[in-house]
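# Results of the structural survey
Chain by chain, the residues:
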Amino acid sequence: MILRKALQSEADVCYSCIEDAKAFQREQGFVQWHDGYPTVKTIEEDIQKGIGFVVCEDDDILGYLAIILGDDPDYCHIDGSWKTDRAYGVVHRMAFRKHSRGKGLAKMVFQMIKEYCLSHGIDAIRIDTQKENKIMQRVIQGSGFDYCGIVVVDNGPKLAYEWDN
């Protein structure tokens, strides 16, 4: 399994990861990403900026995510406190295709994200998730991230976490 930058030609498959994740969220009784976000255009822009990534096994794209190395304006204000005040990476829009669920993939991907960030001189990573997204909260905490407080992102308050090496 590998983590690599997504190609523009893969935008539709990447978006199918988002759609599968939205459906899974609805099955769990909540909506983290509201209708109209993220869109295929969001994914295309991520890929153009070089922050869109895919998780692949052989030629099969299993998941999509954005990794930003540098400050995120949404994380400037936190009700709580971040663990570090040095350079950090940010993970957004992590989503997996339906057929890849239940295999411990997210935890493996977090390890790959850490390795990617460390290889770029970044040893702190931040992420947020919806209060109702209990599965993602367990995966985040199980991957060594600590709860830091609440941040306000596009559609409201989110639980914020940080990992540092």
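Details of the structure are given in the entry above.
Read on for an overview of the structure. (Residues numbered from 1 in each chain as written. Predicted model: local features only at pLDDT ≥ 70, side-chain atom pairs only at ≥ 80, totals over all residues. Heavy atoms only, no water.)

## So, the packing of helix 3 (residues 105-119) against helix 4 (residues 134-142)
With their axes 9 Å apart at the nearest point, helix 3 and helix 4 run at an angle of 45° to one another. Here helix 3 lies oblique to helix 4, going by the angle between them. When you trace helix 3 past helix 4, the crossing you get is right-handed. Contact residues: helix 3 offers Ala-106, Lys-107 and Phe-110, while helix 4 offers Met-136, Val-139, Ile-140 and Gly-142. Here the contact of helix 3 with helix 4 is built from residues that sort into five nonpolar, one polar and one charged. (Axes fitted to C-alpha atoms, helices over the stretch in contact; angles between N-to-C directions. Helix = DSSP H or I, 4+ residues; strand = E, 2+ residues; numbered from the N terminus. Parallel < 35°, antiparallel > 145°, perpendicular 65-115°, else oblique. Left-handed = near helix turned anticlockwise from the far one by under 90°. Contact = heavy atoms within 4.5 Å. Nonpolar A, V, L, I, M, F, W, Y, C, P; charged D, E, K, R; others polar.)

## A look at the pairing of strand 2 (residues 52-57)
For strand 2, the buried fraction is high: five of the six residues fall into the buried class. By the bridge criterion, four bridges tie strand 1 (residues 2-5) to strand 2 in an arrangement that is antiparallel. Opposite Ile-2, over in strand 2, you have Cys-56 as the bridge partner. Inspection of the sheet shows strand 2 paired to strand 3 (residues 60-69) by six bridges, in the antiparallel sense. Its bridge partner being in strand 3, Cys-56 is matched across the sheet by Ile-61. (Buried < 20%, exposed > 50% of the residue type's maximum accessible area, 1.4 Å probe, protein only. Pairing = 2+ DSSP bridges.)

## Re the pairing of strand 7 (residues 146-153)
The pairing of strand 4 (residues 79-80) with strand 7 spans two bridges and is classified as antiparallel. Within strand 7, the position partnered with Gly-80 by the bridge is Gly-149.

## What to know about the nonpolar core
Membership of the largest hydrophobic core comes to 26 residues, with the highest contact counts inside it found for Leu-3, Leu-65, Met-94, Val-109 and Ile-113. Mapped by element, the contributors of at least two residues to this core are strand 2, strand 3, strand 5 (89-96), helix 3, strand 6 (124-129), helix 4 and strand 8 (156-164). If one sorts the elements of this core by residue count, helix 3 sits on top with eight residues. Beyond its immediate sequence surroundings of up to four residues, Val-109 is in contact with Val-55, Leu-65, Met-94 and Phe-96. Formed by 15 residues, the second largest nonpolar core is a distinct cluster that contains Ala-11, Tyr-15, Val-54 and Cys-56. (Core = buried A, V, L, I, M, F, W, Y, C linked by side-chain atoms within 4.5 Å.)

## What about the side chain of Thr-84?
You can see Thr-84 is positioned in the loop between strand 4 and strand 5. When sequence neighbours within four positions are dropped, the list of residues in contact with Thr-84 reads Ala-124, Arg-126, Glu-162 and Asp-164.

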